[in-house]
Amino acid sequence: MDSRNGQNGGYPPEGWQPPQGGYYYQPCRTEQKNAFATAAMVLGIISLCSLVTVYWALPIGALAILFVILSKRRGCKMTTHALIGLSTSLTSVIISGFILLISVIFFFQVMDPKNRDYADLLFQNHYGYDFNEYMQNYLDKIEQTYGKDARDNIGQLFGIE
C-alpha cells in the first residue's frame with residue numbers, strides 16, 4: 001500500500017525507520033498577535049483612504065509608522081500586518097506631503113506680483129472674473145460668516161484691502 005495522502009491509514013510504509021535519535025514533534029510556527037501591528041495596518045489603510053483630505057493623511061500615517069516601530073520587538077521579525085501598515089502609511093505620507101508641497105508652491109507663485117497677470121487670466125477663464133474679484137467675493141463671504149476682523153486679517157495676507 002502507498003503511504004502518501006493517507007492511503008495507509010496515516011502510518012509510514014513498512015520498513016521505514018525514523019532518523020537516528022528518533023523524531024520529535026515540532027509545532028508549526030504561527031505569527032503572534034501583535035496589537036500595535038494590527039493598529040498600524042488599520043491606520044495605514046485609513047491614511048491611504050484619507051488622502052482626499054491631505055491634512056488627515058499626514059498625522060494618521062505618522063501614527064501608523066510609530067505603531068510599526070512599536071510593534072517591532074527585540075529580535076522579532078516584522079509581522080505581515082506591520083509590513084502592510086508600513087507600506088500603506090509611507091505611501092500616504094509621501095503622496096500627501098507631495099500634494100501639500102505643490103499647494104504651497106502654487107500659493108506662493110500666485111501671490112508673486114509678476115505672476116498675478118497669469119493668475120488673473122486663469123481665474124477669468126475659469127470663473128468669469130479675475131483673481132482680485134474672486135478674492136473680494138471670498139472675503140465678503142468670510143465677513144458674513146466670521147465678522148470684519150477675520151476679513152481684514154485674510155485680506156492683509158493676500159494683499160487685498
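Worth saying up front: this structure is predicted, and the values here are computed from it rather than measured.

S.K.: Mind laying out the overall build of the protein, listing which residues take part and the relevant values?
M.R.: Secondary structure summary: the protein contains six helices and zero strands in total. Looking at the protein as a whole, 24% of its 161 residues are labelled buried. If you take every contact in the protein between residues at least 6 apart in sequence, the share linking residues at least 24 apart comes to 52%.

S.K.: Could you give an account of the packing of helix 1 (residues 35-49) against helix 2 (residues 57-71), with specific residues and numbers?
M.R.: When two helices pack together, their arrangement is captured by the angle between the axes and the distance separating the axes. The geometry of helix 1 relative to helix 2 is characterised by a closest axis approach of 8 Å and an angle of 160 degrees between their N-to-C directions. Viewed along their axes, helix 1 and helix 2 adopt a mutual orientation that is roughly antiparallel. The way helix 1 lies across helix 2 gives a crossing that is left-handed. Each of F36, A37, A39, A40, L43, G44, I46 and S47 in helix 1 lies in contact with helix 2, whose residues at this interface are A57, I60, G61, L63, A64, F67, V68, L70 and S71. Taken together, the residues of the contact of helix 1 with helix 2 sort by class into 13 nonpolar, four polar and no charged.

What counts, and at which threshold
- Residues numbered from 1 in each chain as written.
- Predicted model: local features only at pLDDT ≥ 70, side-chain atom pairs only at ≥ 80, totals over all residues.
- Heavy atoms only, no water.
- Helix = DSSP H or I, 4+ residues; strand = E, 2+ residues; numbered from the N terminus.
- Buried < 20%, exposed > 50% of the residue type's maximum accessible area, 1.4 Å probe, protein only.
- Contact = heavy atoms within 4.5 Å.
- Axes fitted to C-alpha atoms, helices over the stretch in contact; angles between N-to-C directions.
- Parallel < 35°, antiparallel > 145°, perpendicular 65-115°, else oblique.
- Left-handed = near helix turned anticlockwise from the far one by under 90°.
- Nonpolar A, V, L, I, M, F, W, Y, C, P; charged D, E, K, R; others polar.

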